[in-house]
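# Tertiary structure, described
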Amino acid sequence: MLITRLLTVAILAASLALPAAAQDLQPHRAVYSVSMLEKGKPGMGPPGTYAFELKQTCEGYVINQRMRLEVEGNKGSVVSEQTSTMTESRDGRKLRFEHHSAANGKQTSLLRGDATLDDEGRGQSLFSEPEGQSVALPTGTLFPNALTRATIQHAKAEDGGFDTLFFYGEKVKPPQSVNLVIGRVPKRLADFKLPEGAESLGENRARIYYRGAFFEAEPKGQTGEAAYEMSSLMLDNGIELYGTHEEGDGGIEYRLTRLESLPKPTCN
């Protein structure tokens, strides 16, 4: 589903070759307005909402997400909602996830489980829902926050881009292959303003723009084409300002409208 894949886009970026704990992320709560795209241009339909929360603990990070979209279906409009909660260890080796999807208030899917990586970067994900399912995680697999931290590191090193594997448990399938290119901030986004009252979170922060192409590990038809593509503008503390997701002729664009800082824990 498009709504599921947009949540993939919102938590992106990077490479296991860089230290997972090298880049701290800014705990925050953000709200985005979401609009539809048709062939890369603004489309029709009511706006949606996307809420994102990143909490920091002494052991790692907790991500809470909620996406709500109203889309036209064969039998009229459908209100799609997805909520996700993910807890990731600070070293990027453990992930606990729970993903709920619903249409018009009725649950359509539920995935829940844990994933771990060993010292060599490979491991396994065990699902408790659907019960008894598992997925092997090859060497180099990244979880959401490890991905984001490493993208920031690559951008600061002016690497230009990289390839990696990405997994967060949104389906019982192997990790996706990701090709990510870091480039200049487009002119149309160069003056993107932070919401009123949150300006201090962007002070003395570099802006990072990147595009990513996602490929299924077991593609149907073996066409070599990306399952979907995305773009993102974020600060070098992990706060995302703007993003897009494009699949075929359709897509979604989201813009930051509200932002607040969350406290960091006091740890021994």
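## As for the overall build of the chain
Of the regular secondary structure elements, the chain holds 2 helices and 16 strands. Buried residues in the chain amount to 48% of all 268 residues. Put simply, of all contacts in the chain between residues at least 6 apart along the chain, 57% involve residues at least 24 apart. Counting every atom, the chain has about 13400 Å² of accessible surface; 47% of that belongs to carbon and sulfur.

## Points about the packing of aromatic side chains
The way to describe two aromatic rings as a pair is by their centre distance and the angle between their planes. Enumeration according to the criterion identifies 8 aromatic pairs in this entry. Seen in terms of ring centroids, Phe97 and Phe167 are 6.2 Å apart; in terms of plane orientation they differ by 80°. Their pairing is edge-to-face. One end of the pair, Phe97, is in strand 6 (residues 94-103); the other, Phe167, is in the loop between strand 11 (161-166) and strand 12 (176-183), with 70 residues separating them in the sequence. Taking the relative accessible area as the measure of exposure, Phe97 reaches 1% and is therefore buried. Using a relative accessible area of 2% as the deciding quantity, one classes Phe167 as buried.

## Some words on the pairing of strand 16 (residues 250-261)
One ladder, built from 11 bridges, connects strand 1 (residues 28-38) with strand 16; its direction is antiparallel. Counterpart to His28 in the pairing with strand 16 is Ser261. Two elements, strand 15 (residues 240-247) and strand 16, share 6 bridges in a ladder whose sense is antiparallel. In the sheet register, Tyr242 faces strand 16, and the bridge partner there is Arg255. Hairpin connection from strand 15 to strand 16: 2 residues lie between these consecutive antiparallel strands, with Gly248 at a positive phi of about 65°.

## What about unusual backbone geometry?
Note the cis peptide between Glu129 and Pro130, where omega equals 0°. With respect to the helices, strands and loops of the structure, Pro130 is situated in the loop between strand 8 (123-129) and strand 9 (131-137). In this model, Asn104 sits at a positive phi of 55°, which is unusual for a non-glycine residue. Structurally, Asn104 can be placed in the loop between strand 6 and strand 7 (106-117). The backbone phi angle of Glu158 is positive, close to 55°, even though this residue is not glycine. Considering the arrangement of structural elements, one finds Glu158 in the loop between helix 2 (144-156) and strand 11. Of the residues examined, Glu158 reaches a relative accessible area of 71% and is grouped as exposed.

## Quick word on empty space enclosed by the protein
Going through the model one piece at a time under the given rule, you end up with 3 cavities of 30 Å³ or more. Here the second largest cavity is characterised by a volume of approximately 40 Å³. Forming the walls of the second largest cavity are Phe166, Phe167, Glu170, Lys171, Lys173, Pro174, Pro175 and Gln176. When its residues are assigned to classes, the lining of the second largest cavity shows 4 nonpolar, 1 polar and 3 charged.

## With respect to the state of the cysteines
By the definition in use, this model includes 1 disulfide. The disulfide bridge from Cys58 ends at Cys267, spanning 2.0 Å between sulfur atoms. Residues Cys58 and Cys267 are joined through a disulfide that is left-handed, its torsion about the S-S bond being -95°. Residue Cys58 is located in the loop between strand 3 (48-56) and strand 4 (60-73), and its partner Cys267 is located in the segment after strand 16; the two are separated by 209 residues in the primary sequence.

## Focus: the pairing of strand 7
Sheet topology places strand 6 next to strand 7; 10 bridges connect them, and they run antiparallel. Bridge pairing links Arg96 to Asp114 in strand 7. Where strand 6 folds back on strand 7, the antiparallel hairpin that results is connected by 2 residues, among which Asn104 adopts a positive phi of roughly 55°. Strand direction decides the pairing type here: strand 7 and strand 8, joined by 6 bridges, are antiparallel. Residue Gly113 lies in a different strand from strand 8, and its bridge partner there is Phe127. Hairpin connection, strand 7 to strand 8: the antiparallel pair is bridged by 5 residues, and Gly121 has positive phi, about 85°.

The rules behind each value
- Residues numbered from 1 in each chain as written.
- Predicted model: local features only at pLDDT ≥ 70, side-chain atom pairs only at ≥ 80, totals over all residues.
- Heavy atoms only, no water.
- Helix = DSSP H or I, 4+ residues; strand = E, 2+ residues; numbered from the N terminus.
- Buried < 20%, exposed > 50% of the residue type's maximum accessible area, 1.4 Å probe, protein only.
- Contact = heavy atoms within 4.5 Å.
- Areas by Shrake-Rupley, 256 points an atom, 1.4 Å probe, with all protein chains shown as cover.
- Phe/Tyr/Trp six-rings, centres within 6.5 Å; stacked < 30°, edge-to-face > 60°.
- Pairing = 2+ DSSP bridges.
- 1 Å grid on protein atoms, 1.4 Å probe; cavity = no way out; pocket = protein on both sides within 12 Å on 5 of 7 lines; lining within 4 Å.
- Points joined across faces, edges and corners; volume = space filled by probe spheres on them.
- Nonpolar A, V, L, I, M, F, W, Y, C, P; charged D, E, K, R; others polar.
- Disulfide = S-S within 2.5 Å.

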